[in-house]
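# Architecture and fold: a report
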Amino acid sequence: MTGNDIRKQFLAYFADKGHTVVESSPLVPHDDPTLLFTNAGMVQFKRVFMGEEKPDYVRAVTSQRCVRAGGKHNDLENVGYTARHHTFFEMLGNFSFGDYFKKDAIHYAWDFLTKEVGLDPQKLWVSVFDDDDEAFGLWEKVKELPPGRIVRMGEKDNFWAMGDTGPCGPCSEIHIDQGTEAGCGRPDCKLGCDCDRFLEIWNLVFMQFNRSEDGSLTPLPKPSIDTGMGLERITAVTQGKFTNYDSDLFSGIITAIADVAGVRYGSEPAVNTALRVIADHSRATTFLVADGVLPSNEGRGYVLRRIMRRAIRYGRSLGLKKPFLGGIIEAVIAEMGEPYPHLHGARELLAKVVYNEEVRFLETLDHGLAMLHQEMKRLQEAGEKEVSGDFIFKLYDTYGFPVDIVKDIAIEKGMLADEPGFNAAMEVQRSQSKKSWKSTSLAEMGPGVRALLDKGVRTRFVGYEMRHHRGLIG
Ligand code: ATP
Ligand code: MG
Ligand code: MG
Ligand code: MG
């Protein structure tokens, strides 16, 4: 089964169970300035869960494009280091708005994983929230689940809340034991370990309470269900791969990068890391630009810039000295254009945006790398381990180096990077520049401009942003 097959099968399975197939919403959440990017399937249904909006269905199913970079859920720095995290990924989810609850949600998830996709029940584990005896009892009734496989876990992993107040509830997560060879090998490695052995596949959220200002929980009159399963993870597992990057969702993209760099995937760890990071970041870049985000020095645009520049630096580590990302973006469109046809329409814009960013960054990349290597050598000779925040800020300010790049290179050399120190230096610069220059935010723009942006006339925004952003790299 290919990744595309699994996506289709998931939507069809839940459609068959009375769920309305709803399209993925864009990566930039509509009307929600508190959220950097859509990071879960439930985002587009927030108002429905709050009871503020009533669609004409009570069950929905989606394959939602998500980005977890910057903001609260940030997996940017996991990419390249774990087998399971991406900045861009697709979250498969079924939703019940005051309709079915725990019993059916658990049944559907188990049925889909073991019957439809055919995972071996002997390898599966589930977690429930500490106090959730109801979920524990329901899982106990699942005959094929071997005994001892239901683990109670605490609030951090198994209780979900929309915010400090509002809908919330316990979760139950389904994991697959990929065996010791996939994990950290520590003797105490068990479910909940942050290595890749017990891979979390699917999170079932039981929206059951409303939390008020004073922290007290009252039961919701109509409890709801919100679930999320990473398409890349279930695809890899189904295809018998330990890392998402070895699934067919990535193979075409990784081959395209390996070909242009003249390297072989699987030849050595450093090459694998570079290929995986570039593949992940190319997907994120493609989808973010197609949803109207453009590289800049602030907010969403800056997260995109960090992603792009990290990919460019990894390209450099493979010996790529000329712009190459454009070709990889083409490979992403070839792989993903069928489920996401809007990517075709963004092709020209993508080519321009990516080329410009690469040309601009390649101008300063070598100088910055030389300066960083010199500094690291100096530190090593002095017996020190940490690149200072002020130095990282200088690299950022002079050569447009995002902090992630310094971190990657420091780790490669067994050193550290003082990110808090860098953030403090950034803050100082920000508050100084605020005094002398006031940016125009979207909220301050006239309704005419906003209407145009809503219609998708993003190029106006580009010109606007580019001219007004300060700094060497803006
Ligand atoms: P993890 O503990 O592995 O970081 P999570 O608990 O943060 O995952 P959830 O917020 O529960 O993830 O999201 C629901 C599902 O989405 C996860 O069970 C997983 O299958 C998938 N998922 C989450 N984050 C990522 C990511 N960065 N890349 C790929 N898939 C992801
Ligand atoms: Mg996570
Ligand atoms: Mg988790
Ligand atoms: Mg989870």
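These figures come from a predicted structure and were not determined experimentally. (Residues numbered from 1 in each chain as written. Chains lettered and ligands numbered in written order. Predicted model: local features only at pLDDT ≥ 70, side-chain atom pairs only at ≥ 80, totals over all residues.)

### Notes on helix H1 (residues 3-16)
Rules: Only runs of H or I of at least four residues qualify as helices and only runs of E of at least two qualify as strands under DSSP, and these elements are numbered from the N terminus. One less than the number of residues in a helix, times 1.5 Å, gives the span that helix is expected to have. With C-beta atoms placed from the backbone, a residue is labelled by how many other C-beta atoms lie within 10 Å of its own: buried for 20 or more, exposed for 12 or fewer, partly exposed between the two. Picture the helix axis, draw a direction to every C-beta atom, and the arc is the one those directions span. It is the C-beta atoms, placed from the backbone, that decide contacts: two residues are in contact if theirs lie within 7 Å.
Compared with the 20 Å implied by 1.5 Å per residue over 14 residues, the 20 Å span of H1 between its first and last C-alpha is a close match. Every buried residue of H1 is accounted for by Gly3, Ile6, Phe10 and Phe14. The buried residues of H1 occupy an angular sector of 55° when the element is viewed end-on, so they sit on one face. Taken together, the buried residues of H1 touch strand S2 (59-67), strand S3 (88-96), helix H6 (231-238) and helix H7 (248-261). Directly after H1, the chain includes Gly18, whose backbone phi takes a positive value near 85°.

### Quick look at the site of ligand 1
Going by this rule: To decide whether a residue is near a molecule or strand, its C-beta atom is placed from the backbone and checked for lying within 6 Å of it. Following the grouping adopted for this structure description, the nonpolar residues are Ala, Val, Leu, Ile, Met, Phe, Trp, Tyr, Cys and Pro, the charged ones are Asp, Glu, Lys and Arg, and the polar ones are all others, Gly among them.
Neighbouring ligand 1 are 16 residues, the closest being Asp75, Phe89, Asn203, Gly228 and Gly230. Among the elements that make up the shell around ligand 1, the one with the highest residue count is strand S8 (residues 198-211) (4 residues). Its residues placed into classes, the shell around ligand 1 shows 5 nonpolar, 5 polar and 6 charged.

### A short note on the environment of Pro339
Residue position: Pro339 is located in the loop between helix H10 (325-336) and helix H11 (342-345). In this structure, the C-alpha to C-alpha distance between Pro339 and Arg7, residues 332 residues apart in sequence, is 9.0 Å. In this structure Pro339 touches Asn4 and Arg7, once residues within four positions along its chain are discounted.

### A look at the nonpolar core
When a protein is soluble and globular, its nonpolar side chains tend to lie buried together. The following threshold applies: Under the definition applied here, buried Ala, Val, Leu, Ile, Met, Phe, Trp, Tyr and Cys residues are grouped into a nonpolar core through C-beta atoms within 7 Å. Domains are outlined according to an automatic or database domain assignment.
Residues Ala109, Ile253, Ile257, Ile278 and Ile328 are the most contacted members of the largest nonpolar core, which totals 99 residues. Broken down by element, the residue count for this core peaks at 10 residues, all from helix H8 (residues 269-290). Shared between two domains, this core holds at least three residues of each, these being domain 1 (3-238) and domain 2 (247-468). In contact with Ala109, not counting residues within four places along its chain, are Ile174, Trp202, Leu204 and Thr227. If you look at the next biggest cluster of nonpolar residues, it comprises 17 residues, including Phe391, Tyr396, Tyr399 and Ala410.

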